[in-house]
Amino acid sequence: MNHWLAGRQVVDLSAEELDKLWSVMRSNFTVHLNTVLCGAESAPDQERDVDLSLEETSKESMEEFFHTLLSLAKQCIDTPEPHVSKELVHIALALGDILLNKNTPQQVQQETADFLVLWCKKGLASVHLLCVKTFHYLLASSLHKGILMSDVKRLWNFHQNLLNADYQSEAFRCLVPLLLRMVQNEPMLSVKEGRCLVASFLCLNEDLVKEFHRQIKVALPSCRKEVASAYGEIYSLAIKTANPNMKVVVAEVCLKDVILHVLQVRRSGLQMGRMGKQLMHVLRVIHSNRRCVAVTKMLIHAYEPIIWRFVSSCNNIHRSNAAEVLFDVYPLEHPGGCSMKNVNLVELQHATMNRLLVDTCHVVRIIAIRGICQILCEFWSGIPVRWRHKWMCVLLQDLSADGSSVQVRCSIYRSLSKLLKNPKAADYLGTALPALYQQIHDNHACVRLSFVTLLLHIKQTGLLQYQKVVPVDHLIARLKVEDQRIGRQLVSLMFSNLLVPKQSMDERVKRIVKLANSSVTATRNFFLYSKHVLEFADAVELMRGLLLHLENTHSECAGVPHLHRSAHVVGGLLDVVSILWSLHTTVLNSTANKGQLMQLYQLVKACLPTLLRCYRECNGVVLGSVLFLGSLVPAQVLKECTASSFCISRLRNLVLEGNVEEASLMWVSPLCSWGHGAEVLELAMEWLEEALGTVQTEQLGLRRVRFCSRSEPLLALHMLDAVFCHPTNMLSVMTKNRDLVLELWLYLDRIKLAIERRMVGPLTSPLLSDEFLCLCFLRYAKLIVLLGEYPGKTFSSCETLLQLLGWAERVLMPHIPGTLPAEVPLAAKLLNYLTQVAATAIMTGQTDDTLHVRLAEYTHKLLSTGCALMFVHGVVCVTHWLVEYCWVYCGHADEVNLLLPAIPRMLLDVLLVFMDGHYSQETLALYAESMGAVRAALSEVLVVTLQYHGGISKMVLDMVNGCADAVVGITMNHIVEVEILKPVKMVHDLPYVAAQLLSVFQQQNVLCTLFLCLMAKRIRTHYVQDPLLVVSTISVLHAAVYNSGKMSIRDLRLAARAAASALETVRRGSHSSHNALGEHNSDANTMVMLLAAANQALAAILVKLGLR
């Protein structure tokens, strides 16, 4: 080589010298070529291991040779007029084979690729074949290592060399699988050049169009929406760049297929399924390119014969899909201007849209509302006036008052917000919307929320004034009654008008007083929902301004009559201060704001005595507002104030009339806040003394301290509820007076003796009424859990509950009637209270395994009594919290393993109660707490158990099997009772309890699958042995199929096939139907009728599921 070059560059050699150079190089190249192509692959392992050092040397020498060869070749062709000899062409072709050989070293491949890229760029000999092989390598290496943006751009720049390649060649056919992999490569699709590259290959020939489209359909269901949009751009680019024949092929093969699929895709109400959404992403991108003449032509070609057929279909889903597509593709026009053909086509679209607005299906109407409002926003001036007028009349006059669908009314106001983006449309709304102001009082909250949101958009655009749409009086009226969700929106709407920025505090206070004069409730709610718009600093300033205003207006007004006429306004202003204080209490109590907090303390201290003096005779809301505000100030600040003495005096004189709970809370809360909880407890025990003092015990004698001569034991219990049912009061008392609370509990222990005497016969004291016994026992039991949360050395809630359970079994259970009485007996009420308290103890983590096992025995005994229905809800709650306990502590104690089997038994006991008693809905409403609450608790038990223990655990299987047996068994009892089978299409038409139990499984996807699979198994193994069970199962399945909820078709088919097999077995007489009927007191004729009805119901099931 040195001989030929002799220190010269390749470009300095003559043509003859170059020919001789490449002739010599070709002979050496052949030797190394054979080494690359077959040496490493064919050498046996024994020879390969003989001399590793020799092999490494050979490899290095080969790489050095190829490096030199490729460097010379590059110099030779990288000239304005390269001289390419025949030998160099042969070498280039051989390099193309080396490039795709897996044994070629990576460095050699990369240098070869760089050389061949230059070769193809120069357009030298055999360029078409080498272009394909080079692109093959570049694409394969990029896909293997992970495509980068630079790789995509390199591929895009190089692909131009493939335009004249032979697409039928073997090399190109080997490239096709790699090209198809590009379709599902997200980095490739995320770059514009990558999408253009895919589009250029897609439209090369008809076969590639079909292959690429097939790969896109495979990827669509699982890809992200950005990828789906990229597919839409690929189709658009293919249509734009393809030749006329291929444009038609792309439209026929790809575009029409996508349109047909999206028009027929399943949807759930307003939303298409995932596949439908992905297809719409594809179509939206294509529609957005309709300004291109080629794309428009293909859209017309694809849509015209299809869209009008589907938009007039009798199928609601097809019409809904077609409406969504039609509004998205609007305006669908022939390219070429305003020909009569175009005018007719656009007129047809307008008429169709108007028809969709009044469609019988509410989903179609909603899609039409959204679509028309979007079209009016974009093309208001371009839409003919008569169509604008028609559409707006239907929207504002007819659909805004559509009583058949709440969703339609909601969509009206959500969609009208889009029109505000168009100034001309906004002007029209300014004259039309005031006629709809009454809609803010719609019966449904979601409609009112949509209307208020529309008003917010009106305010934000500034094109209209919301007060002219809805008068402020109506907004205030809504603010009085709305919940937080709508209230926050109303506050956002009205805030800047009530509290104008940079306004003086006096003006702000005057505006708030004016609002309070209009409605105190609205004023309270306004500030209650204001935290998201009212900053902390502004809130503090506002509190200070209101307190100063109250102090100034009441400084010399004690007893002045006119104040009482505006007392409700004063109460409202005080509540505003208290609400703002409570909302910002965390920030206010921080060290940085200590000075502001002390200022507020002093302002309240200054005006509190005057307010108490002015309104002490007003025992209503105003006095409560004064006391609540005072309770926010610590007792140390108010030490010179007589507010606490005033509250104690009023509390002593409280009477048992009116709303005692609110009255007690009004006086008790400030006392607890000021640290006078002990006086409240002492007074309560004094009032209880008159009733419980007659019950002598060894532990306690009569209390010696007496606050007053009168005794109000029931009032004392209400007062204790005010202490312990209010979190702030409870925390204060338990923190400061825990020992006194324990003394109170020991004192209330007397109630057990009173109950024991009551179980024997009526008590002589009129104060020991059944109402008092119930409330006192409930407070006694609740204090056990409360004292357990604040533990001490002398008290164990777990041991106490164990003793109380034993006492209840010994004293109360013997007095449970054998059958359901006309009224719930006292013993049953007390047992229910104890069950609820036990569930709370488990929830708060105060129990142990011994108590859990004892509770399982206790609940079993409860459900074995004649009044078991009364205890169902409490037992289900206990079961729920036991499941939680087993998950948290499983494996920490051996007793847990004993408890696991007990939990399904508890649930099965509940189900047996429903199965054994033929309870009507009226009976359940009278004796059970609430079937809805029982159903919710049962659902929680099943979901939590499934979540913690898995679908294959024995606990879960036992529970679900028990539920399936209960649903079928209750249905069977009903069929036996009426001796007729009437298949129903609504779940709630099943026997009431069966319907409630079945609805538990309809709302949870995982529970649905488990329930139906286990039911199919039970049909094959258990129900088939009893013809009536088979008939009942078919009745249940009939209702489930027609109201499947979240039950999948696949699972329903599994159960239906099992039922069909069981019914066929019964009809063949494999089991003695006559014996079964004798067991259920039915005759053979009745059984024949039931089997015939079951056969008809099963046929309907199979048809509905597509199995027949």
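Residues numbered from 1 in each chain as written. Predicted model: local features only at pLDDT ≥ 70, side-chain atom pairs only at ≥ 80, totals over all residues. Heavy atoms only, no water.

So, on to the overall build of the protein chain. Within the protein chain, the regular secondary structure consists of 56 helices and 2 strands. Referenced to the eigenvectors of the C-alpha coordinate spread, the extents of the protein chain come out at roughly 135 × 90 × 75 Å. Counting all 1108 residues of the protein chain, 53% fall into the buried class. Summed over its atoms, the accessible surface of the protein chain is roughly 50100 Å², and 53% of this surface lies on carbon and sulfur atoms. Between the mean site of the 104 positive side-chain charges and the mean site of the 98 negative ones, the protein chain shows a separation of 8 Å. (Helix = DSSP H or I, 4+ residues; strand = E, 2+ residues; numbered from the N terminus. Buried < 20%, exposed > 50% of the residue type's maximum accessible area, 1.4 Å probe, protein only. Areas by Shrake-Rupley, 256 points an atom, 1.4 Å probe, with all protein chains shown as cover. Lys, Arg positive; Asp, Glu negative; His and termini not counted. Charge placed at Lys NZ, Arg CZ, Asp CG, Glu CD.)

A few words now on helix α23 (residues 445-461). The terminal C-alpha atoms of α23 lie 24 Å apart, and with 17 residues this matches the ideal 24 Å at 1.5 Å per residue to within 8%. Along α23, the residues that are buried comprise V447, R448, L449, S450, F451, V452, L454, L455, L456 and I458. The inward-facing, buried residues of α23 abut α21 (406-419), α24 (466-469), α25 (472-481) and α26 (484-498). One or two positions beyond α23, positive phi appears at G462, with a value near 75 degrees. (Expected span 1.5 Å × (residues − 1). Contact = heavy atoms within 4.5 Å.)

With that settled, consider the packing of helix α8 (residues 149-159) against helix α11 (residues 192-202). In the contact formed by α8 and α11, the axes pass within 9 Å of each other and the chain directions differ by 40 degrees. Regarding the angle of α8 to α11, the classification is oblique. Note that α8 runs across α11; the crossing there is left-handed. On α11, the residues that touch V152, K153, L155, W156 and H159 of α8 are E193, G194, C196, L197 and S200. The residue inventory of the contact of α8 with α11, partitioned by class, reads 5 nonpolar, 3 polar and 2 charged. (Axes fitted to C-alpha atoms, helices over the stretch in contact; angles between N-to-C directions. Parallel < 35°, antiparallel > 145°, perpendicular 65-115°, else oblique. Left-handed = near helix turned anticlockwise from the far one by under 90°. Nonpolar A, V, L, I, M, F, W, Y, C, P; charged D, E, K, R; others polar.)

What follows covers the packing of helix α16 (residues 293-311) against helix α17 (residues 316-329). α17 packs onto α16 with a crossing angle of 140 degrees between their chain directions and a minimal axis gap of 9 Å. With respect to the hand of their crossing, α16 and α17 are arranged in left-handed fashion. In this structure, α16 uses L299, Y303, I307, W308, F310 and V311 to contact α17, whose residues at the interface are H318, R319, A322, V325, L326 and V329. The class makeup of the residues in the contact of α16 with α17 is 10 nonpolar, 1 polar and 1 charged.

Our next topic: helix α20 (residues 385-398). The end-to-end C-alpha separation of α20 is 19 Å, in line with the 20 Å expected for 14 residues at 1.5 Å each. Every buried residue of α20 is listed here: W387, R388, W391, M392, C393, V394, L395 and L396. Along its buried surface, α20 packs onto α18 (340-357), α19 (362-379), α21 and α22 (423-432).

On to unusual backbone geometry. With an omega of -5 degrees, the peptide bond between Y330 and P331 qualifies as cis. Even without glycine at this site, K502 takes up a positive phi of about 60 degrees. Its location among the elements puts K502 in the loop between α26 and α27 (505-518).

Let us now look at the nonpolar core. Membership of the largest hydrophobic core comes to 418 residues, with the highest contact counts inside it found for Y231, L416, W581, F724 and F772. It is helix α42 (residues 770-789) that contributes the most residues to this core, 13 residues altogether. Each residue touching F772, except ones within four places of it in the same chain, is listed here: L688, A691, L692, P713, L714, L717, I751 and L767. (Core = buried A, V, L, I, M, F, W, Y, C linked by side-chain atoms within 4.5 Å.)

Where side chains of opposite charge bring their charged atoms close, a pairing between them can arise. A full pass over the atoms with the stated rule returns 28 salt bridges. Among the salt bridges present, the one from R284 reaches D328, with a minimum N-O distance of 3.4 Å. Taken together, the residues R284 in helix α15 (residues 274-288) and D328 in helix α17 connect sequence positions 44 residues apart. In this structure D328 comes out as partly exposed when scored by relative accessible area, which is 23%. A salt bridge links R365 to D402, with the nearest nitrogen and oxygen atoms 3.0 Å apart. Of this pair, R365 sits in helix α19 while D402 sits in the loop between α20 and α21, placing them 37 residues apart in sequence. (Salt bridge = Lys/Arg side-chain N within 4 Å of Asp/Glu carboxyl O.)

This prediction gives the protein chain a mean pLDDT of 83; 90% of its residues lie at or above 70. For the protein chain, per-element mean pLDDT is lowest for helix α3 (residues 45-48), which scores 41, and highest for helix α28 (residues 520-528), which scores 94. When the criterion is pLDDT under 50, residues 558-565 qualifies, and its contacts beyond four places in sequence or with other chains add up to 9 contacts. Between residues 891-896, whose pLDDT stays under 50, and residues either more than four places distant or in other chains, the model counts 6 contacts. (pLDDT = per-residue confidence, 0-100.)

It is worth spelling out the side chain of R365 at this point. A relative accessible area of 7% places R365 in the buried class. Beyond its immediate stretch of four places on either side in the chain, R365 contacts L356, L357, V358, D359, T360, L399, D402, S404, S405 and V408.

Tracing the backbone shows L863 in the loop between α45 (849-862) and α46 (872-889). As a C-alpha pair, L863 and E347 span 516 residues in sequence and 72 Å in three-dimensional space. Sequence-distant contacts of L863, that is, excluding residues within four places in its chain, are made with A868, F871, V872, V875, M906, D909, V910 and V913.

The geometry of an aromatic ring pair comes down to the distance between the two centres and the angle between the two planes. Enumeration according to the criterion identifies 15 aromatic pairs in this entry. For the pair W745 and F795, a centre-to-centre distance of 5.1 Å together with 85 degrees between the ring planes defines the contact as edge-to-face. In this pair, W745 sits in helix α40 (residues 738-748) while F795 sits in the loop between α42 and α43 (797-811), placing the two residues 50 residues apart along the sequence. Looking at F795, the relative accessible area reads 10%, which means it is buried. An aromatic cluster is defined as three or more aromatic residues linked by ring pairs; in this entry it consists of W745, F777, Y780, F795 and W807. (Phe/Tyr/Trp six-rings, centres within 6.5 Å; stacked < 30°, edge-to-face > 60°.)

This part takes up the environment of N1095. One can find N1095 in helix α56 (residues 1084-1104). A C-alpha to C-alpha distance of 59 Å links N1095 and L783, two positions 312 residues apart in sequence. Ignoring sequence-local partners within four residues, the contact set of N1095 consists of L1063 and R1067.

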